[in-house]
Amino acid sequence: RKVCVMDDDLVAAFSANLLSKSYVDQGAQSLRAHDKVFARLLANRRMLGRGLNDVAIEFLVHKLSVMDSNNFIDNVGVGEREGRVFSDMVRRRCYSMAHGIGRSGDITAEQPKACGSSAAHALAQCMARDALRLAGMRDLGKRALVLPLATGMTLTLVLSSLRLMVRNSADGGVDAAAPNVVIWCRLDQKTCVKAATCAGLEIVVIEPVLNGDQLDTNVHAIERAIEDVGVDRLVAVVTSTSCFAPRACDDVETVAKLCEKKNVAHVINNAYGVQSRVLCERVSKAWTVGRVDAVVQSTDKNFMVPVGGAVVCCGKRNEALVEAVARNYPGRASASASMDMFITLLSMGEEHWLRLLDEREKLYDYMHAELSKVAEEEGERMLRTPGNPISMAMTLSCARGISPTMFGSMLFSRCVSGTRVVAPGEVKTVGGIEFHGFGASHSAYPETYFTAAAAIGTTRADVDRFASVLRKTFKDFKKKSQPAAA
């Protein structure tokens, strides 16, 4: 069967009227080679072994673009939404794919006016699922949703959908306001709290346990909270994998067993955990040994695309919530996030994706070693947090008589971004909840410290430059600190 009849007809026309057959045949081989790559992608529905170059990707994207109705040669649009784009710059940025994805009934449904955009979205989801598998997630459900929402809003959609599911499955006579509570393992990021409060939910905060330097999950407190709140009022237990040191990945396996035993839903915030094989393996173990209803991960933090997308997945034992999230997304959606994923995963290919994961793991060891040298030179120490394979922290005991956050400002003014300075004692109210020791994910963490992350895409050159700037910053910070202390 011919892959593309249109191209074969054009080749025949060229040979007959314009060019030498031998040259046309050679060019036709290239066209067919590109078409075969597309056919292989459609047949296998997974990442290509090797990434494509930009010319090949744009060739494919433009082919998909002309399948959207606003790009039909004879199209006449007389509705209120016909893919009209005023700016040529915007049109080029989205490859004239302006209709978006999904329909009002399901974000994964085919959009009649956008066959090409729908195909790109479907393939992006297939490749995203394969990328999760390659990163270490086993026994995945059949679908990985790519949503045009960042992690926080995606968690809100997941929790809202879960609340509807729990209410609809409850016996008659249940109060209309119930269930309305989530049990949340404390992680000091405002987004985590707002994701639940935006869904209209109350939060029971579970403080982690301090073990040495590391903050670990208080599973016993979770169990007590389930009993105190009552299963009929609970929407879910929310745990997290990726986080700032010294907090460790939650004990998602034990919590999953507990949730299955108590018949309580379990949502995992895996925001930037895809880049860690250790975290991916823990997630897949959790949904194997216990209950996990959904796992949410960021597209930009894991796949190096612009902010604005998330991937929602689950294990094959429990796929109901992921399907519900797809149905509950209100209205049509922007195709930007899925198109970013589609292009990026085509460009990476399996080979480069695996290499990035390997390089990140090696970079963690390198960064930790280099920062340990700086810590020893400056009379500080690295906090011991073996349960966190991405983030690390160094004490900042030299901050005497001066705000420790100035250290972070000094780093930022020297073009170092991403560090996070945390000092004991800060009190902050988020979503109506007062947090003591905010930033540390613990009410009484004993150390002042700053964090850094060995994240995907970071290079050894980045680490070397960071270590160099860090030494200079310590020197200047101590000069400012001494007069203040005196």
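Here, every reference points to the structure presented above.
The following refers to the structure shown. (Residues numbered from 1 in each chain as written. Predicted model: local features only at pLDDT ≥ 70, side-chain atom pairs only at ≥ 80, totals over all residues. Heavy atoms only, no water.)

What follows covers the layout of surface pockets. By volume, the largest pocket amounts to about 640 Å³. For the lining of the largest pocket, the elements supplying multiple residues, two or more each, are helix 11 (299-303), strand 14 (449-453) and helix 15 (460-485). Broken down by element, the lining of the largest pocket gets its largest block of residues, four residues, from helix 15. Considering only residue class, the lining of the largest pocket consists of ten nonpolar, eight polar and six charged. Taken as a whole, the second largest pocket encloses approximately 490 Å³ of empty space. Residue lining of the second largest pocket: 23 residues in total, with Arg 45, Ala 122, Leu 123, Gln 125 and Cys 126 positioned closest to the centre. For the lining of the second largest pocket, the element with the highest residue contribution is helix 5 (residues 115-135), accounting for eleven residues. (1 Å grid on protein atoms, 1.4 Å probe; cavity = no way out; pocket = protein on both sides within 12 Å on 5 of 7 lines; lining within 4 Å. Points joined across faces, edges and corners; volume = space filled by probe spheres on them. Helix = DSSP H or I, 4+ residues; strand = E, 2+ residues; numbered from the N terminus. Nonpolar A, V, L, I, M, F, W, Y, C, P; charged D, E, K, R; others polar.)

Let us look at empty space enclosed by the protein. A complete count under the given rule lists four cavities of 30 Å³ or more for this structure. Considered as a void within the structure, the largest cavity measures approximately 80 Å³ in volume. The element that contributes the greatest number of residues to the lining of the largest cavity is helix 7 (residues 190-197), accounting for three residues. Estimates place the volume of the second largest cavity at around 50 Å³. Lining the second largest cavity are Leu 187, Gln 189, Ser 242, Cys 243, Phe 244, Asn 269, Ala 271, Tyr 272 and Lys 301. For the lining of the second largest cavity, the per-class residue count stands at five nonpolar, three polar and one charged.

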